[in-house]
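Residue-level listing of the chains:
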Amino acid sequence: MMSCKGDAKEEIIDAPHVQWDNPVEAGRYLVTITGCNDCHTNGYLMMEGKVAEEDWLTGSPVGWQGPWGTTYPTNLRLLVEEWNEEIWVETLRNRKALPPMPWMNINKMSEYDMRAIYAYIKSLGPNGERMPLAVAPGQEPQTPYLSLFPQNMPLTSSETE
Ligand code: HEC
């Protein structure tokens, strides 16, 4: 497609991806619809998205706790200062890590879209602070957190036997 510029290889040109001449605008669209802000922008879900764009993707100091321990959505604005675009693409394509980061979905994103998201985040410039490190299962975090432990679930057949 004519709108797909750059030195991209043939095989990624064939993959479904957002078609737009300006990768920053494509990245902004992708970030909005794929839900990166839901977790990586503090308060975004609770405020129905009414967070100034300059504060988007600065991470969240509120942990997400579950059987995996407590994880904190990373400040992606600082991350793209440390990671070049190739590390970004490699990581999004291959990493399997802790919830609730939806790695199983992001692993399937087309390379164009990964690069567009990188271009958009980079265009926003660095902002905010580093988020806390993940806390191991069974340890009490020193920060606010949300509990994602399943509640009131029906018993599975193995538990009723
Ligand atoms: C449901 C919540 C959620 C959504 C949606 C989400 N993330 Fe994450 N993300 C997290 C959490 C929590 C972590 C930290 C996980 C950990 O500590 O292992 C994380 C980690 C990451 C990392 C790794 C950072 C590092 O330091 O290694 C990248 C990159 C990332 N997210 C990018 C994205 C992008 C891009 C999107 C949108 C396409 C997105 N995330 C959507 C919750 C989310």
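This text follows the structure it describes.
Parameters at a glance
- Residues numbered from 1 in each chain as written.
- Predicted model: local features only at pLDDT ≥ 70, side-chain atom pairs only at ≥ 80, totals over all residues.
- Heavy atoms only, no water.
- Buried < 20%, exposed > 50% of the residue type's maximum accessible area, 1.4 Å probe, protein only.
- Helix = DSSP H or I, 4+ residues; strand = E, 2+ residues; numbered from the N terminus.
- Arc of directions from axis to C-beta.
- Contact = heavy atoms within 4.5 Å.
- Polar contact = N/O pair within 3.5 Å; in protein donor to acceptor, adjacent residues only side chain to side chain.
- Core = buried A, V, L, I, M, F, W, Y, C linked by side-chain atoms within 4.5 Å.
- Near = heavy atom within 4 Å.
- 1 Å grid on protein atoms, 1.4 Å probe; cavity = no way out; pocket = protein on both sides within 12 Å on 5 of 7 lines; lining within 4 Å.
- Sits in = over half its atoms within 2 Å of the grid points.
- Nonpolar A, V, L, I, M, F, W, Y, C, P; charged D, E, K, R; others polar.

Novice: What's the story with helix H5 (residues 85-94) in this structure? I'm lost.
Specialist: For H5, the set of buried residues is Trp-88, Val-89, Thr-91 and Leu-92. The arc enclosing the buried residues of H5, seen along the axis, measures out at 170°, which places them on a common side. Looking at the packing, one finds that the buried side of H5 touches helix H4 (76-82), helix H6 (103-106) and helix H7 (111-124). If you check the start of H5, you find a side-chain oxygen 3.0 Å away from the backbone N of Glu-86, and it comes from Asn-84.

Novice: Explain the nonpolar core to me, please; I cannot follow it from the model alone.
Specialist: Generally speaking, nonpolar side chains in soluble globular proteins are found buried as a group. Counting residues in hydrophobic clusters, the biggest one holds 24 residues, and the most contacted among them are Val-31, Trp-56, Leu-57, Trp-88, Ile-117 and Ile-121. Every element with two or more residues in this core is listed here: helix H2 (23-34), H4, H5, H6 and H7. Broken down by element, this core gets its largest block of residues, six residues, from H7. When sequence neighbours within four positions are dropped, the list of residues in contact with Ile-117 reads Gly-27, Leu-30, Val-31, Trp-88 and Met-109.

Novice: How do you make sense of unusual backbone geometry when you look at a structure like this?
Specialist: A negative phi angle characterises most non-glycine residues, just as the trans form characterises most peptide bonds. For the bond from Pro-99 to Pro-100, the omega torsion is -5°, close enough to zero to count as cis. Its place among the elements puts Pro-100 in the loop between H5 and H6. Phi at Glu-48 takes a positive value of approximately 50°, unusual for a residue other than glycine. In this structure, Glu-48 sits in the loop between helix H3 (36-40) and strand E1 (63-66). We note that Asn-152 has phi near 55°; this positive angle belongs to a residue other than glycine. Within the secondary structure layout, Asn-152 lies in the loop between strand E3 (145-147) and helix H8 (157-160). Assessed through its relative accessible area of 81%, Asn-152 is described here as exposed.

Novice: How do you make sense of the site of the ligand when you look at a structure like this?
Specialist: Surveying the vicinity of the ligand reveals 21 residues, the closest of which are Cys-36, Cys-39, His-40, Arg-95 and Met-101. Separating an oxygen atom of the ligand from a side-chain N or O atom of Arg-95 is a distance of 2.7 Å. Mapping the ligand onto the cavity grids shows that it belongs to the largest pocket. The element contributing the most residues to the shell around the ligand is H3, with three residues. Its residues assigned to classes, the shell around the ligand shows 15 nonpolar, five polar and one charged.

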